[in-house]
There are 2 protein chains.
Amino acid sequence: MSLKRIFILFICFGLLKTAVAQELTAGMGKVKVSFSINEKGMPLYSITYDQKAVINSSSLGFDLVTNAGLTPRPLPFSNGFELTGSEQKSADETWHPVLGEVSTIRDHYNQLTIHLKKKNTDLLLDIVFRVFEDGVGFRYEFPKQKTLNYFTVANELTQFNLAGNYQAFWIPGDYDTNEYPYTKSKISEIDNQPVVNSSTDICVRNVVDRYAVQTPLMMKSDDGLYINIHEAALLNYSAMQLHVDTKTQQLTSSLVPDATGNKAYLKAPCHTPWRTVIVSNKAADILASRMILNLNEPSKIENTSWIKPMKFVGVWWEMQTGKGTWAYSDYADSVDATGKAIPNGKHCGNTNNVKRYIDFAAKNGIDAVLVEGWNTGWEDAFGAWKEKPFDFVTPYPDFNVKELQEYAAKKGVKIIMHNETCGGVTNYERQLDTAFRFMKNNGYSSVKTGYVGKIIPRGEYHDGQWMVNHYVRVAQKAADYNIMIDVHEPMRPTGIQRTYPNWVASEAGRGNEYNAFSHGSPCDHETILPFTRLMGGPMDYTPGIFKLRYYSSDSTRQLHSTLAKQLALYVTIYSPLQMAADLPENYEAHPDAFQFIKDVPVDWDTTNIIAAEPGDYVVMARKGKGTDNWFVGAITDETSRNFTVDLSFLDKGKKYMATVYGDAANADWKTNPEAYAIKKITVTNKSRLSLSLANGGGAAVSIVQVR
Amino acid sequence: MSLKRIFILFICFGLLKTAVAQELTAGMGKVKVSFSINEKGMPLYSITYDQKAVINSSSLGFDLVTNAGLTPRPLPFSNGFELTGSEQKSADETWHPVLGEVSTIRDHYNQLTIHLKKKNTDLLLDIVFRVFEDGVGFRYEFPKQKTLNYFTVANELTQFNLAGNYQAFWIPGDYDTNEYPYTKSKISEIDNQPVVNSSTDICVRNVVDRYAVQTPLMMKSDDGLYINIHEAALLNYSAMQLHVDTKTQQLTSSLVPDATGNKAYLKAPCHTPWRTVIVSNKAADILASRMILNLNEPSKIENTSWIKPMKFVGVWWEMQTGKGTWAYSDYADSVDATGKAIPNGKHCGNTNNVKRYIDFAAKNGIDAVLVEGWNTGWEDAFGAWKEKPFDFVTPYPDFNVKELQEYAAKKGVKIIMHNETCGGVTNYERQLDTAFRFMKNNGYSSVKTGYVGKIIPRGEYHDGQWMVNHYVRVAQKAADYNIMIDVHEPMRPTGIQRTYPNWVASEAGRGNEYNAFSHGSPCDHETILPFTRLMGGPMDYTPGIFKLRYYSSDSTRQLHSTLAKQLALYVTIYSPLQMAADLPENYEAHPDAFQFIKDVPVDWDTTNIIAAEPGDYVVMARKGKGTDNWFVGAITDETSRNFTVDLSFLDKGKKYMATVYGDAANADWKTNPEAYAIKKITVTNKSRLSLSLANGGGAAVSIVQVR
């Protein structure tokens, strides 16, 4: 611990101008942050790791606006400041997430709080730095003050002046979607237009700045530092994207605007989300970091006993791959002479089909069945930008709510509600109580929500403050009804699942579904996800596809994966609500491989990052919560690799049966994706496990104590 | 009746190009509309009155956009049309409004329907003209068609090419407010910037086009024609303003946009509101016209027995004039050590004060008491543009909901609920059911809603399609709970009170309140209102101020009115929910004058326009619904005038007592506003009543049958 408190009361002596070189610093381990004010009164900070520059001196501040509700008046808030004081404190606590990759988290930091005042005014701004062993979080705090009450953020001006032309793994800064494939490039080479233009598989794209990237932004320096910039606790604020100056490697905060161009509406006292810089000389440390979770507030839900991890199957992949439809009819106006909807004969969400999934789930110990396309409206809900795409209580005529709930309950299976909004959020908010009452009355314990399409209120974006608040409102409402939520197309997570633990998973990234309806994602995709999208929280990625060439009408389409890699994803992609996404019949064709999906937990006591390099490979071992069983997942990009996993993390003196679900010797994602081999080995904590991964392949291992 | 059907099947002969002069016409009485298509396939119409040009040949059409929910594609819809057919029909019916200026309305028109098709496409457009004795309504209809389903209106291009440089009575075309004072000018002189800039008393102004005016636009031609342009049945569309070409006197429809600039989101089959042109050589005929009501759909509420006319007093004028406050505390954070709000001692909406109003109402046969400032949040609700200014169920600590309801019920008085949103509409919509349930559970039968401030969803405007739909949603929800609504700051009415008769009144104009908190409205204001704002429906103008110099802190402030004129407004400004706006003590100081307010009905069998000239004077006589009693209201601008009212409308052979509440001989709005004289005269249908109106004065007369 190396916090130095070097705050000197220079302001008492009127020495501010000459004291510009004055530096306040805080540190922990190898990480150090420095703060100063320059001669213009601009607040500045910098970050080093082991005395290497990570973020060079970078400015902090805002363009604010007051009186936005009547006649807006600009209020510059990035210079003219004087330091009026500072404080430090330390904390070292542990806490236990309701669901998680680990069951115990240490929250250990040194905190430096800076108090600023605009000269010759009453205007106050605090900046708080928290320094952890694995990085720095900082946020702006607006104290209660006389002359600033309600105000608007026109721009946040936070800079991250990178200390080098880092290698970056990035997606475009899009106001509406996080579903792009990742590009690997030098910071100097960032230009999102090629990937934006080619991503015709993303229905709503909204990129205003060709040099904007989304966070989490993963980077690597030439001298081997791994650096991750993101944010924590995004609440009542818009998502932060980063504008890249490719010449100077200066990144600037670029907040998602609302319909009028404003970025956030605030009232003092208040604060922004934390801006996070995670840094280490080991890639594995990035994945092991709990800094973002630590920067979030504890659970606002007192009794969390009803929040449960779940594995589920779903009436879904068959629609994604074109076998059937969400809609009951071909057109909204397909009605017969009596006014009854004419079925198209391909509607998947029907009672009989759902029963088939319930039977399959019950037989295989799967907790739940998701059903999409159960409610009326799918014929023309998408793309119309209409006010009311759906109600959330009216089933199609072939979906019997009561019968299915009784059938599922009898078999010990839950049905997962589906509330797709198609972006019609005002419509959803009007019906929120009705929708959740319907779930409660009919025995649903969780809901998958979705926001495919342009948002209404028109002009709002998926990642703007209004929508951020909406998603949280839904989480709160769901908590009132003891219902868990899994949100598709929200803003990308920033650890707020700590605060709202019933928000068990999100999509907010390029999921496995792109392998169904599009040309998919490259083999390295899942090796980047843990360093980017997953930094903020669990992802409903929908792994577990066994039939890797699935698309009868287009023989070129296949997953960029082997079957073994699909199994490994259950370990490498964390989600306490985890889908087995393929069709029952495809699992029934491979019961031996399916055994891993049956066995693998989705909630964990411990996570060890064995080996990891973004864009290349990820190997993790996790211990199932409340068990002695370990599960290893190893995935690679398009290159075959071998790994040796040291099993020293196993309990000393105990014997375990390791079942290795690996790529067959001749497996290859392109030419032979479904070739796998299963072998069983007895192991102890002295064993070393060899894993051979095919091109685009993976390996999954269950390690179960032998008693 | 003079409908000529001259549709000839020229398209069958491929003669379209040469047939451009082909005209289709419809007429009734002196009014005639003509339709044609020019060589570019542009639809055109013109209107004459008694063979005088009113609207010269003017084009019709749209700029549409398809696929707005994904990738918008423009679809020009104003030329390239061919005529594929036309139809005519006639109708002559009578109907009875639930509440109204008259109890029986004749709906008599000839209708011409034009069927158009875009050449070489499947795209269809119908234009429907309804010709009445007093004007023309026309609307666009989009039939169900193959290649146009969901679409967006980028611009409506309807033109009104005025046949002369008319005198106009106008307010600026503002997206957010109708509360400007009227300007009288030639069309060629229209420029709204002076009045926009000087109207600092209007908190939210949003004028994009300095040559835009609001409708109803009242005009008068040099040769004595009175012409009124407005719209009817504004539902699921944005309000129409008019862009004025001051050189050519061409008016073009200018719709209020949404946050993204679009004007309306529609799905075929559908139609626009009716564009209305009312025309006569007598000003009185404009006021007597029921065309706008006739162009609206019949009531969608089946059982309307709970919809009642109401007179009310309210805890309101004392806040408007600065005697007290809506808020309970001075600041939102005024709390004592125990966290309890600190009262400011000036909160008007308190139990004792409300009881005083209830007592006064009960004693004087007033139906109801409005209470503003009863619920928490007023300290900082206004101007902050914050998401949640109010809930609608939490009273201030000094307002006892149950006690007051019991007290009021015991005395036979209703309390009117107040739901101010301060523009926070998403917030209101989320709580709508809760708010109305609260009213129902606590015995409220009506609610005054308000929208002071910028709208949330941010970027939406008061008069845009989304808000138009919102107000209707509230009316529908209110109807579900059998509650009447009085909406302040909605879009200006277009007769939809016929369809939603529980929407009993609106403000949507410059009400009497401007005389309280601002420098008021000129003396001619109320002589223009019936020709403009009131054309669309009842106005909650809040007349009846007796203390005309009211503002202790600013001795220059006074109403531009005499006391007698305030009484006359109960007849000249129609509203079935009508306020007696002054304080009880001011009425108690003039019990003889207050008698008129006690006597005057707010729902009528018959209305006779005795004399009227916009900007100068209005004299009306109305018969109270279900009674034999008549009430006359006469008002003048700043000029004193004498009127002789021929009482031949009284029943033959009956004897009546006329009580004339007139300006005293020495009355003058400026120097002696509160001087009135009351005289009683026995009259019959052969009598003629002489009324002398002071400068800025008026006269009110009750004529009650003597039995």
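Structure report, in brief. For clarity, every value in this text was computed on a predicted model and none was experimentally measured.

## Some details on the relation of the copies chain A and chain B
- Mapping chain A onto chain B is achieved by rotating through 180 degrees and translating by 0.0 Å along the same axis, at an RMSD of 0.0 Å. The superposition of one copy onto the other is thereby described by a two-fold rotation axis.
- Both copies present the same face, since 100% of the interface residues in chain A are matched by interface residues at the equivalent positions in chain B.

## Remarks on helix α12 (residues 563-572) of chain A
- Of all ten residues that make up α12(A), ten are buried, and the element is covered over most of its length.
- Within the span of α12(A), buried status applies to A:Leu563, A:Ala564, A:Lys565, A:Gln566, A:Leu567, A:Ala568, A:Leu569, A:Tyr570, A:Val571 and A:Thr572.

## Remarks on empty space enclosed by the protein
Residue and element names in this part refer to chain B.
- By the definition in use, this model includes 13 cavities of 30 Å³ or more.
- In this model, the second largest cavity occupies a volume close to 90 Å³.
- Surrounding the second largest cavity, Met491, Arg492, Pro493, Thr494, Ile496, Gln497, Trp503, Val504, Ala505, Ser506 and Pro538 form its lining.
- By residue class, the composition of the lining of the second largest cavity is seven nonpolar, three polar and one charged.

## Here's the deal with the pattern of salt bridges
Residues and elements named next belong to chain A.
- Going through the model one piece at a time under the given rule, you end up with 68 salt bridges over all chains.
- For arginine 210, the salt bridge goes to aspartate 191, with nearest N and O atoms at 2.8 Å. With a gap of 19 residues between them, arginine 210 in the loop between α1 (193-198) and β15 (212-213) and aspartate 191 in the loop between β14 (183-186) and α1 connect regions that are remote in the sequence.
- For arginine 210, a relative accessible area of 37% gives the class partly exposed.
- The class for aspartate 191 is partly exposed, based on a relative accessible area of 22%.

## Some words on the sheet that holds strand β5 (residues 62-66) of chain A
All names here are of chain A.
- Strand order in the open sheet formed by four strands is β6-β5-β11-β20, with antiparallel pairing between adjacent strands. Every interior strand has two partners, whereas the edge strands, β6 (73-77) and β20 (264-267), have only one. The average undirected angle you get between the axes of adjacent strands in this sheet is 35 degrees.
- In this structure, β5 lies alongside strand β11 (residues 150-156), joined through five bridges in antiparallel fashion. Note that in β11 the partner of threonine 66 across the bridge is phenylalanine 151.

So, how was this worked out
- Residues numbered from 1 in each chain as written.
- Chains lettered and ligands numbered in written order.
- Predicted model: local features only at pLDDT ≥ 70, side-chain atom pairs only at ≥ 80, totals over all residues.
- Heavy atoms only, no water.
- Least-squares fit on C-alpha atoms with pLDDT ≥ 70 in both.
- Contact = heavy atoms within 4.5 Å.
- Buried < 20%, exposed > 50% of the residue type's maximum accessible area, 1.4 Å probe, protein only.
- Helix = DSSP H or I, 4+ residues; strand = E, 2+ residues; numbered from the N terminus.
- 1 Å grid on protein atoms, 1.4 Å probe; cavity = no way out; pocket = protein on both sides within 12 Å on 5 of 7 lines; lining within 4 Å.
- Points joined across faces, edges and corners; volume = space filled by probe spheres on them.
- Nonpolar A, V, L, I, M, F, W, Y, C, P; charged D, E, K, R; others polar.
- Salt bridge = Lys/Arg side-chain N within 4 Å of Asp/Glu carboxyl O.
- Pairing = 2+ DSSP bridges.
- Axes fitted to C-alpha atoms, helices over the stretch in contact; angles between N-to-C directions.

So, to be careful, I would describe these as geometric facts and stop short of saying anything about function.
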